[in-house]
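Structural overview for review
What follows is each chain in one-letter form.
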Amino acid sequence: MAAPVILAATAKHTATLIFFHGLGDTGQGWAQLMNEIRKPFMKVICPTANTIPVTINGGLRMPSWFDLKAFDESGPEDEEGIKVAAKEVQSLITKEINAGIPADRIVIGGFSQGGALAIYSALTFPQRLAGVVGLSCWLPLRKSFPAAKKCPDDLAIIQCHGDFDPLISHKFGQMTASILKTMVKNHEFKSYKKLMHTWSEEEIEDVRVFIDKNLPGQ
């Protein structure tokens, strides 16, 4: 990963939010958005993916957490790339833990490919995180679950998806939600009318509520 955008807590640091951007994006814009909804005790980390060739875009090089070969549930996946990226995410989490922030005071999340990475990384991490935020995304390597699952059953996950999404279909999001509900007890799926492959203020407010619930003040 490239050097992340890091926003230090403005009060005593007792929690961390790590958020991953979508394909072709950077961490900068999401850091600004997360800054608007975080509490003073929260540190925000928004990494930027390495620039790699992406199959779905004709091999053009762009920031991407792993190679994307298709946008639908039946397409091939970059299994090796997904697993390598997840280990990098888990290294970020472990670094925060080693710095004194317990796993259950860390929320990870992301948009689109970044949300897919966040969900996969949390499910395959043995400690329970405070929560996972997945916006307009899916579960990578879904056929490897539940065997690949390492997280505790009480991991909290919120999925948000627009019902007009032309890239990652709402149906694909619903399919992911159905799988996740079989693995964790605390899962919520929220749909947004006429929202395409982007975010909305209503959605970000729901994310804020989820984070405040799962990361109470300390």
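Presented here is an overview of the structure given in this document.

Procedures and definitions
Residues numbered from 1 in each chain as written. Predicted model: local features only at pLDDT ≥ 70, side-chain atom pairs only at ≥ 80, totals over all residues. Heavy atoms only, no water. Helix = DSSP H or I, 4+ residues; strand = E, 2+ residues; numbered from the N terminus. Rg over C-alpha atoms; globule rule 2.2 N^0.38 Å. Buried < 20%, exposed > 50% of the residue type's maximum accessible area, 1.4 Å probe, protein only. Contact = heavy atoms within 4.5 Å. Areas by Shrake-Rupley, 256 points an atom, 1.4 Å probe, with all protein chains shown as cover. Lys, Arg positive; Asp, Glu negative; His and termini not counted. Charge placed at Lys NZ, Arg CZ, Asp CG, Glu CD. Salt bridge = Lys/Arg side-chain N within 4 Å of Asp/Glu carboxyl O. Pairing = 2+ DSSP bridges. Axes fitted to C-alpha atoms, helices over the stretch in contact; angles between N-to-C directions. Parallel < 35°, antiparallel > 145°, perpendicular 65-115°, else oblique. Left-handed = near helix turned anticlockwise from the far one by under 90°. Nonpolar A, V, L, I, M, F, W, Y, C, P; charged D, E, K, R; others polar. Phe/Tyr/Trp six-rings, centres within 6.5 Å; stacked < 30°, edge-to-face > 60°.

Regarding the overall build of the protein chain
- When helices and strands are tallied, the protein chain shows 5 helices and 9 strands.
- Helices (α) and strands (β) of the protein chain occur, in sequence order from the N terminus, as β-β-α-β-β-β-α-β-α-β-β-α-β-α.
- Expected size for 218 residues packed as a compact globule is a radius of gyration near 17 Å; at 16 Å, the protein chain falls within 12% of this value.
- In terms of overall dimensions, the protein chain has a C-alpha envelope of 45 × 35 × 35 Å along the principal axes.
- Taken over 218 residues, the protein chain has a buried fraction of 54%.
- Within the protein chain, counting contacts between residues at least 6 apart in sequence, those at least 24 apart form 73% of the total.
- A total accessible area of about 9600 Å² is found for the protein chain, and carbon and sulfur atoms account for 52% of it.
- With 23 positive and 23 negative side-chain charges, the protein chain shows a spacing of 5 Å between the two charge centroids.

Some points on the pattern of salt bridges
- What the rule picks out here adds up to 8 salt bridges.
- A salt bridge links D212 to K39, with the shortest nitrogen-to-oxygen separation between them at 3.9 Å. Taken together, the residues D212 in helix α5 (residues 201-214) and K39 in the loop between α1 (27-37) and β3 (42-48) connect sequence positions 173 residues apart.
- Linking E96 and K43 is a salt bridge whose minimum nitrogen-to-oxygen distance equals 3.0 Å. In this pair, E96 sits in helix α2 (residues 79-98) while K43 sits in strand β3, placing the two residues 53 residues apart along the sequence.

Thoughts on the side chain of Q159
- In this structure, Q159 sits in strand β8 (residues 156-162).
- Setting aside chain neighbours within four positions, we find Q159 in contact with I119, G134, C137, G173, T176, A177, L180, H187, E188, F189 and K190.

What to know about the sheet that holds strand β2 (residues 15-20)
- Spatially, the 7 strands line up as an open sheet ordered β1-β3-β2-β6-β7-β8-β9, and their pairing is mixed. This sheet does not close on itself; its edge strands, each paired only once, are β1 (2-7) and β9 (186-192). When strand polarity is set aside, the average angle formed by the axes of neighbouring strands in this sheet is 15°.

Observations regarding the packing of α1 against α5
- Two elements in contact, α1 and α5, have axes separated by 10 Å at closest approach and are oriented at 60°. Judged by the angle between their axes, α1 and α5 are oblique. Considering the relative orientation of α1 and α5, their crossing is right-handed. Listed contacts from α5 to W30, L33 and I37 of α1 are I204, V207, R208 and I211.
- Across the contact of α1 with α5, the residue classes break down as 6 nonpolar, no polar and 1 charged.

Observations regarding the packing of aromatic side chains
- Evaluated as defined, the whole model comprises 5 aromatic pairs.
- Summarising the aromatic geometry, the rings of F20 and W65 are spaced 5.3 Å apart at their centres and angled 90° between planes, so their arrangement reads as edge-to-face. Placement of F20 in strand β2 and of W65 in the loop between β5 (60-63) and α2 is noted, with a sequence separation of 45 residues between them.
- Taken together, F19, W30 and F111 form an aromatic cluster joined through their ring pairs.

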